[in-house]
Amino acid sequence: MPDGSIFKRCGCRHPDTGKPFGNDCPKLRRPNRAWSSEHGHWAYQLELPPTTDGRRRQLRRAGLPNRRAASDELDQARELLALAGGDRRRRTDVADVLQAAVRAKRPLPEVDRLRQRLRGDGPLADMPTVAEYLTGWLGHLTIDANTVGGYESIVRVHLIPHLGEVPLDKLRTSHIRELFAAIGRRNDEILAARTSPDPAVRQSVAGVRPTGPTTRQRIRACLRKAINDALADELIVGSNPAALVKTPGDRPMPIVWEDERVQRWKDTGTVPGPVMVWTDTQLVDFLDHAAQHAPDLHPMWHYMAYRGPRRGEACGLRDSEVRLHRRETTINNQIATHGYTAVQKPPKSRAGNRDVALDADTVKVLTAYRARRAQWQLAAGPAWPDTGLFFVRPDGQPWHPNAVTQRFRRLVRKAGLPPIRLHDLRHSAATIALDAGVDIKVLSDQLGHSTTTLTRDTYQSVTKQLHQDAADAVAQKINQKRRKAG
């Protein structure tokens, strides 16, 4: 192990030549050659492994406040060099890191931190901050542009403001928990400001929405992916702290618009939850209303309500993938929105590419729609566009997903029905299917879920028949005991 040395230096210069004395200044030592306690500052030097091209070099640091500080840092430098053992390449790498730290007037890296990097056999250079890493990470993503846009928003609004200054390899679960705690505090501030008696305070949060459970899940998912990529690139080693943190707030569960809830909504305007689903009666009322007042969109909404495709999947359903004689459709395309721009692309997951069987009623509705669409095309003549899509506007152009949503909202209001989102037609289809006794695996495949766990966790709580059957079974068992006892 290299020995190194500790000494004192000062800024004095020779009166004749003007050159610095360095450690030869006569004021640095007492008459007995001991170091003066009143002049100069402490320094150390250490012989480093040569550079990659064989040049000799030394590690020197001056300006330390006392001998103990110089001795401690010299010992730290020795310990850091010893981490590489007999590996000449890694000893050179460690020396590069030490020299860079001293030249930049930064502290030497921590021993445990450098040991962790050596285990990963990755670069030993200074670790980027979370902000620096995420900025570069976003620029190298090769995934769907809409997903990248969502990640960019999360990084800009949440991750960099709260975690940006933390070195990437120093990120811990405590930092991430504090991120979500800060989001929770901000949510409380927004809600309190909305109910403030001061109009100025209420105005300060006009248009500001709290960060809901779904967004918090997306924040965690974004950070988890970014750190997984850093682990895969061996930029850091160890575990992923984002995977160890539970996201505050559960996924909102669908709630059925039972009669009592509808009456409460009519009286107060209160909606019980963010995800609401219609009963089968309410769904029929809406579809009957749509058939009369929105015949151009009624077939698409019927398809969504009966079979549960997503909005983009219904808008992007290809004409060639509708086989009414076989009572089936194939979902392998969707229309997504990037901002307001509509883009056709495949479904996001493998499970999203699927065949969807059709019931007799849906076949009848889609058959009538296809005949009506042929009349539109005949009337348009050569101006009719060849989109290759099944559901189109009366002029043959594709439906923009946002336009479909806006029409749906207006029609629900005019029909006087309790409000749901367009996406909740999918939830209604799932809920009614479970109530009808459809197997959970069949429903999961129909919806394009990757696992039945998601289907079960999302919808099982709103189905009642199984719970009612269980309640009846318990009552029956108790009554049998009573009869025997009597």
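Throughout what follows, the structure given in this document is the object of discussion.

Conventions and cut-offs
- Residues numbered from 1 in each chain as written.
- Predicted model: local features only at pLDDT ≥ 70, side-chain atom pairs only at ≥ 80, totals over all residues.
- Heavy atoms only, no water.
- Helix = DSSP H or I, 4+ residues; strand = E, 2+ residues; numbered from the N terminus.
- Rg over C-alpha atoms; globule rule 2.2 N^0.38 Å.
- Buried < 20%, exposed > 50% of the residue type's maximum accessible area, 1.4 Å probe, protein only.
- Contact = heavy atoms within 4.5 Å.
- Areas by Shrake-Rupley, 256 points an atom, 1.4 Å probe, with all protein chains shown as cover.
- Lys, Arg positive; Asp, Glu negative; His and termini not counted.
- Charge placed at Lys NZ, Arg CZ, Asp CG, Glu CD.
- Salt bridge = Lys/Arg side-chain N within 4 Å of Asp/Glu carboxyl O.
- Pairing = 2+ DSSP bridges.
- Patch = residues over 30% accessible without salt bridge, like charges linked within 9 Å, V, L, I, M, F, W, Y side chains within 5 Å.
- Phe/Tyr/Trp six-rings, centres within 6.5 Å; stacked < 30°, edge-to-face > 60°.
- Lys NZ or Arg CZ within 6 Å of the ring centre and 35° of its normal.

Within the chain one finds 18 helices and 10 strands. Taking 486 residues into account, the globule formula puts the C-alpha radius of gyration at 23 Å, and the chain, at 34 Å, lies well above it. Principal-axis analysis of the C-alpha atoms places the extent of the chain at approximately 105 × 80 × 55 Å. The proportion of buried residues among the 486 residues of the chain is 41%. A sequence separation of at least 24 residues applies to 59% of the contacts in the chain between residues at least 6 apart. Accessible surface, the chain: about 27100 Å² in total, of which carbon and sulfur atoms supply 50%. When the 77 basic and 54 acidic side-chain charges of the chain are each reduced to a single mean position, those positions are 3 Å apart.

We now examine the pattern of salt bridges. Tallied over the full model, the rule gives 22 salt bridges. Among the salt bridges present, the one from Glu-47 reaches Arg-56, with a minimum N-O distance of 2.7 Å. With a relative accessible area of 65%, Arg-56 lands in the exposed category. Across the pair Asp-93 and Arg-90 runs a salt bridge whose closest N-O atoms are separated by 2.9 Å. Taken together, the positions of Asp-93 and Arg-90, both in helix α2 (residues 88-103) and 3 residues apart, correspond to about one turn of that helix. With relative accessibility at 6%, the residue Arg-90 sits in the buried group. Each member of the salt-bridge network shares a partner with another, and the members are Glu-321, Arg-323, Arg-326 and Glu-328.

A few words on the pairing of strand β2 (residues 41-48). Bridge count between strand β1 (residues 5-9) and β2: 5 bridges; the pairing is antiparallel. Bridge pairing in β2 links Ile-6 to Tyr-44. Both β2 and strand β3 (residues 57-64) contribute to a ladder of 6 bridges, which runs antiparallel. In the strand pairing of β3, Gln-45 is matched with Arg-60.

Time to look at a positive patch on the surface. A grouping of Arg-409, Arg-410, Arg-413 and Lys-414 is seen on the molecular surface, where their side chains present a positively charged patch. Turning to its location among the elements, Lys-414 is positioned in helix α14 (residues 401-415).

For the rest of this paragraph, the subject is the packing of aromatic side chains. Counting across every chain of the model gives 13 aromatic pairs. Aromatic side chains Trp-35 and Trp-42 sit 6.0 Å apart centroid to centroid with 70° between the ring planes, which places their arrangement in the edge-to-face category. Summarising the aromatic geometry, the rings of Trp-301 and Phe-408 are spaced 5.8 Å apart at their centres and angled 70° between planes, so their arrangement reads as edge-to-face. In this pair, Trp-301 is assigned in helix α11 (residues 298-307) and Phe-408 in helix α14, connecting sequence segments 107 residues apart. A relative accessible area of 0% means that Trp-301 is categorised as buried. Among the aromatic residues, those joined into a ring-pair cluster are Tyr-303, Tyr-369, Trp-376, Phe-390 and Phe-391. When the ring centre of Trp-35 is taken as origin, the NZ or CZ atom of Arg-29, which lies over that ring, is 3.7 Å away.

Topologically, Leu-168 is positioned in the loop between α5 (145-163) and α6 (173-194). Of the residues examined, Leu-168 reaches a relative accessible area of 5% and is grouped as buried. Remark: the alpha-carbon pair of Leu-168 and Ala-131, spanning 37 residues in sequence, is separated by 8.6 Å. Ignoring anything within four residues of it in the chain, the contact list for Leu-168 reads Met-127, Pro-128, Thr-129, Val-130, Tyr-133, Ala-230, Leu-235 and Ile-236.

The strand order across the open sheet formed by 3 strands is β6-β7-β10, and the pairing between neighbours is antiparallel. Each of the sheet's edge strands pairs with one partner strand only, and the pair in question is β6 (322-323) and β10 (354-357).

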